[in-house]
Amino acid sequence: MSTSRTAKLLAALALPLVLALGACASSATPGASDAGTGGTSGPVKIGVVGAGDPYWATYKEAAAAEGIDVDIVNFDSYDQPNPALSAGELDLNQFQHIIYLATYNVNAGDDLVPIGATAIYPLGLYSTKYKDVSAIPAGEKIAVPNDESNQARALLVLQSAGLITLKDGGSVFATVADIEPGSKVSVEAVAADFTATSLPDFAGAVVNNDFVAKSGLTEDQLLAQDDPADAAAFPYINIFAARAADADNPTYLKLVKIYQETQAVQDGVQEASGNSAVLLKTPVADLVASLKKTEDEVRAHQ
């Protein structure tokens with residue numbers, strides 16, 4: 001990753017986003033000081049993207065049954081939950097995979113850590129104009145997320161679908177600049193939360209799972225996706241993240257267990273994903289090892 005690209009990312013993190021923190025589901029001061037030491041006098045604030053998914057209400061009820069008050073704080077943009085967690089405005093967040101967290105940690109100089117796995121979600125190419133990848137004419141344009149980790153993954157999906165060719169076969173650090181001349185389609189990077197709503201202007205878009213259901217997209221509009229069973233998909237495991245000082249917080253670890261072991265929650269996650277989620281209980285030590293390895297790879301590409 002070039003110095004200029006790193007600077008741009010850091011600048012982007014500081015810019016006002018579509019949804020300011022004050023417009024989140026709750027703007028009250030979190031009970032981090034209590035929950036962070038194992039107490040539960042205040043609600044545990046968990047930042048998510050897509051708080052409207054019904055399973056979050058189910059999750060809150062399951063946590064309450066275990067004596068834990070949970071406040072789900074909604075964000076419409078991926079760029080905000082990690083800075084909010086680092087600043088103590090959240091206690092946990094649950095919206096990202098390992099590669100995204102590694103990229104954030106390296107570029108922000110942070111040390112957020114995974115404390116539990118949730119699922120791998122296949123990343124899909126959707127279209128409202130074409131029924132099959134082969135029907136997309138040469139010269140058309142495809143939208144992909146503009147954040148670096150999801151952009152690279154989206155480009156690999158397009159390459160597997162035969163729509164583009166990436167320099168040296170591509171990698172988890174690929175960008176639109178790595179698309180080889182002569183590729184069948186051109187690609188434009190847009191904010192992840194706008195990929196689905198931009199579909200009328202594109203032949204197709206690679207849409208993150210968080211935005212598929214609420215945008216009204218259906219399985220019939222899915223043209224291609226990656227394979228979550230591939231070993232290379234491990235860094236795309238979605239996680240609960242915490243500040244490093246809270247990695248062993250018993251209340252937070254119990255919340256992970258509630259998410260993983262409450263059948264109604266798991267069923268809700270599957271329903272919200274269109275039955276595409278691969279639900280996981282990956283050992284935390286493996287998640288941490290993958291994070292450290294990926295952080296090293298990010299630094300090597302700077």
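Residues numbered from 1 in each chain as written. Predicted model: local features only at pLDDT ≥ 70, side-chain atom pairs only at ≥ 80, totals over all residues. Heavy atoms only, no water.

*Asks:* Hey, could you run me through the environment of A191 in this one?
*Replies:* Tracing the backbone shows A191 in the loop between β8 (186–190) and β9 (204–207). The class of A191 is partly exposed, set by a relative accessible area of 24%. Along the backbone, A191 and P145 are 46 residues apart, and their C-alpha atoms lie at a distance of 5.5 Å. (Helix = DSSP H or I, 4+ residues; strand = E, 2+ residues; numbered from the N terminus. Buried < 20%, exposed > 50% of the residue type's maximum accessible area, 1.4 Å probe, protein only.)

*Asks:* How should helix α3 (residues 54–65) be read in this particular structure?
*Replies:* What sets the pattern is the α-helix's 3.6 residues per turn: residues three or four places apart point alike. For α3, which comprises 12 residues, the first-to-last C-alpha distance of 17 Å matches the rise-based estimate of 16 Å (1.5 Å per residue) to within 8%. Among the residues making up α3, those that are buried are Y55, W56, Y59, A62 and A63. Mapping the buried residues of α3 onto a view down its axis gives an arc of 120°, with all of them on the same face. Residues of α3 that are exposed and point more than 90 degrees away from the buried face comprise P54, E61 and A65. In this structure, the buried residues of α3 make contact with β1 (44–48), β2 (70–74), β3 (92–97), β11 (238–242), α8 (250–261) and α9 (263–272). (Expected span 1.5 Å × (residues − 1). Arc of directions from axis to C-beta. Contact = heavy atoms within 4.5 Å.)

*Asks:* Please clarify how the packing of aromatic side chains should be interpreted in this entry.
*Replies:* A ring pair, where both rings are aromatic, is described by two values, the distance of the centres and the angle of the planes. A full pass over the atoms with the stated rule returns 11 aromatic pairs. Relative to Y259, the ring of W56 has its centre 5.9 Å away and its plane inclined at 45°; by these criteria the two rings are tilted. Taken together, the positions of W56 in helix α3 and Y259 in helix α8 put the pair 203 residues apart, joining distant regions of the chain. You can call W56 buried: its relative accessible area is 2%. (Phe/Tyr/Trp six-rings, centres within 6.5 Å; stacked < 30°, edge-to-face > 60°.)

Geometric values such as these leave the question of function open.
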